[in-house]
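The primary structure of each chain is shown beneath.
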Amino acid sequence: MRMAIAPALVAACLLTGCGGQDGGASGSGSQTESGAGAAEDGDQLAKILEAGKIIIGTEGTYSPNSYHDENGDLVGFDVEVGRKVAEKLGVEVEFFEAEWDSLFSSMDAGRIDTVINEVEYSDERALKYDFSNPYTYIRGALMVKGDNEEIKSFEDLDGKKAAQNLTSSWGRMAEEYGAELVGVDAVAQTVDLLLTGRADATLNVETAFSDYLKKNPDADVKVVAWTEEVSSSLIPVKKGNEDLLKAINEAIDELRESGELAELSEKYFGMDVTSED
């Protein structure tokens, strides 16, 4: 079922439009006349509805959330969440692929409307963006090489090298525990660094490690610790777009209530990470 959006809201919104500043990096999607480029801030939903399309930023290299299958098609948990959110809004979806470090600058520049790629809340991001309700609840995990007996807890990271995306929340967490960061872009890269001794450990969500080990059961790595706290995936929008945020939240609520979120989670993660329970 598509989301019902009040006709009065649509009519009011369609009177104006949204713009952004220059900056960011290019991806495989193209800049088009959608909510990502032409309306004034605060009316992004109106422009999305007018264009009939939402442009979503994603990596395309991060399995099982956003990646290309054997046929070259863009698939993954977050990709399907994005498609279903677009369906609830009653619009088409266009994906803009770029490296993680470029996704938010692309949103700032008006190339995309939002990022759906396991985005977490941070105080720094909250200065510029508002966030949807959570659609996942996942623990963090710590992985090391199979014969590593020195690192058994997060506290053991002090003085060690951690393979991390340099701008991710997991990278910041590793630094907080005293680790030196070695930059990577994908889980396969981190495992390679562990196996070759160029890094001692890596932090990430448990689902990313679970997916890697499912596909590479003989990999000589192991998970040695999990966070007590859970992290949640959220959908960010530029501040001042309350109507878009409300519409996205309603879409997430409908997907959870219908069981579609849980089905996607089981499909890609082998477990339901869409509920707090």
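In the block above lies the structure referred to throughout.
Let us look at the structure shown here. Predicted model only: the values in this text are computed from it and were never measured.

For the pair helix α3 (residues 77-89) and helix α9 (residues 242-258), the least separation of the axes is 9 Å and the interaxial angle reads 110°. On the basis of their axis angle, the class for α3 and α9 is roughly perpendicular. Note that α3 runs across α9; the crossing there is right-handed. Along its contact with α3, which presents Lys84, Val85, Lys88 and Leu89, the element α9 presents Ala247, Ile248, Ala251, Glu254 and Leu255. For the contact of α3 with α9, a count of residues per class yields six nonpolar, no polar and three charged.

This next bit is on unusual backbone geometry. The step from Ser63 to Pro64 runs through a cis peptide bond, and the omega angle for that step is 5°. Mapping Pro64 onto the fold places it in the loop between β1 (53-58) and β2 (67-68). Positive phi is not limited to glycine here, since Glu118 has a value of about 55°. Relative to the assigned elements, Glu118 resides in the loop between β5 (114-115) and α5 (123-126).

Moving on to the environment of Leu234. As for its placement among the helices and strands, Leu234 is situated in the loop between β11 (221-231) and β12 (236-238). What makes Leu234 buried here is its relative accessible area of 7%. Sequence separation of Leu234 and Pro134 is 100 residues, and the distance between their C-alpha atoms is 5.0 Å.

Attention now goes to the sheet that holds strand β10 (residues 202-205). Read from one edge to the other, the open sheet built from three strands follows the order β10-β7-β11, with strand pairing classed as antiparallel. Looking at the sheet topology across the chains shown, the edges are occupied by β10 and β11. In this sheet, adjacent strand axes meet at a mean angle of 25° when their direction is disregarded. Against the sheet, helix α7 (residues 187-195) contacts β7 (138-145), β10 and β11, and its axis sits at roughly 35° relative to β7.

Moving on, we get to the pattern of salt bridges. Scanning the model with the defined rule gives 13 salt bridges in all. For the salt bridge of Glu94 with Lys53, the shortest nitrogen-to-oxygen distance reads 3.0 Å. Taken together, the residues span a long stretch of sequence, with Glu94 in strand β4 (residues 92-97) and Lys53 in strand β1 at a distance of 41 residues. Owing to a relative accessible area of 21%, Lys53 belongs among the partly exposed residues under this scheme. Note that Glu254 is salt-bridged to Lys88, the shortest N-O span being 3.4 Å. Residue Glu254 is located in helix α9, and its partner Lys88 is located in helix α3; the two are separated by 166 residues in the primary sequence.

Criteria and cut-off values
- Residues numbered from 1 in each chain as written.
- Predicted model: local features only at pLDDT ≥ 70, side-chain atom pairs only at ≥ 80, totals over all residues.
- Heavy atoms only, no water.
- Axes fitted to C-alpha atoms, helices over the stretch in contact; angles between N-to-C directions.
- Helix = DSSP H or I, 4+ residues; strand = E, 2+ residues; numbered from the N terminus.
- Parallel < 35°, antiparallel > 145°, perpendicular 65-115°, else oblique.
- Left-handed = near helix turned anticlockwise from the far one by under 90°.
- Contact = heavy atoms within 4.5 Å.
- Nonpolar A, V, L, I, M, F, W, Y, C, P; charged D, E, K, R; others polar.
- Buried < 20%, exposed > 50% of the residue type's maximum accessible area, 1.4 Å probe, protein only.
- Pairing = 2+ DSSP bridges.
- Salt bridge = Lys/Arg side-chain N within 4 Å of Asp/Glu carboxyl O.

Don't take any of this as a statement about function, it's just geometry.
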